[in-house]
Amino acid sequence: MHLAYPAVLAVLLFCTGLYGVLARRNAILVLMSVELMLNAVNLNLVAFDVWLRDTLHAGQALTLFTITIAAAEIGIGLAIVLLVHRNRGTSHIDRLRDLAETDRTATDSDSDEATVADATDNPAGSSAGDHAGRPTDTRLTRGEATA
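Residues numbered from 1 in each chain as written. Predicted model: local features only at pLDDT ≥ 70, side-chain atom pairs only at ≥ 80, totals over all residues. Heavy atoms only, no water.

## Quick look at the pattern of salt bridges
1) Next: Applying the stated criterion across every chain yields a total of 1 salt bridge.
2) Next: Linking Asp94 and Arg25 is a salt bridge whose minimum nitrogen-to-oxygen distance equals 3.7 Å. Of this pair, Asp94 sits in the loop between helix H3 (58–88) and helix H4 (104–121) while Arg25 sits in the loop between helix H1 (4–23) and helix H2 (27–52), and the two are 69 residues apart along the sequence. (Salt bridge = Lys/Arg side-chain N within 4 Å of Asp/Glu carboxyl O. Helix = DSSP H or I, 4+ residues; strand = E, 2+ residues; numbered from the N terminus.)

## Notes on a nonpolar patch on the surface
1) Next: Together, Ile28, Leu29, Met32, Leu78 and Leu82 make up a nonpolar patch on the protein surface, roughly 400 Å² of accessible area in all.
2) Next: Taken together, the elements giving at least two residues each to the nonpolar patch come down to H2 and H3.
3) Next: Sorting elements by how many residues they give to the nonpolar patch places H2 first, with 3 residues.
4) Next: Among the secondary structure elements, Leu78 is positioned in helix H3.
5) Next: We classify Leu78 as partly exposed; its relative accessible area is 33%. (Patch = residues over 30% accessible without salt bridge, like charges linked within 9 Å, V, L, I, M, F, W, Y side chains within 5 Å. Areas by Shrake-Rupley, 256 points an atom, 1.4 Å probe, with all protein chains shown as cover. Buried < 20%, exposed > 50% of the residue type's maximum accessible area, 1.4 Å probe, protein only.)

## Quick look at the side chain of Thr66
1) Next: Mapped onto the secondary structure, Thr66 falls in helix H3.
2) Next: Not counting the four nearest positions on each side in its chain, Thr66 is found in contact with Leu38, Asn42 and Leu45. (Contact = heavy atoms within 4.5 Å.)

As structure tokens, then:
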């Protein structure tokens, strides 16, 4: 068998996985696309190992390590996705903006000024409703009514 057949199949698998990572917005589909890419790498490792007739079978040994890493990645990744889906109600990547990092330099200086202003207005300390200049969380949980 020629080396071109598994190489072309690996390229097709890798390109399909790359398209899935870049175009899909569902976290589970992104994880599946990463698995396709890893399987393309495994196919290349085994094909080149057979083509080179390596006596140590280094390509097949590396494939076993890759499969182990992929199993750990999918286990941890799926657990994280399920936890996020349970807490947020969606696994849509674009809707998970709460996990993104924000610019802390502007917000830290604003909260410090608000804390100083609150301390001068209320010298006895902040009340139970005051959160030191931080906005209160107004999101509803699943059990609360929206009316």
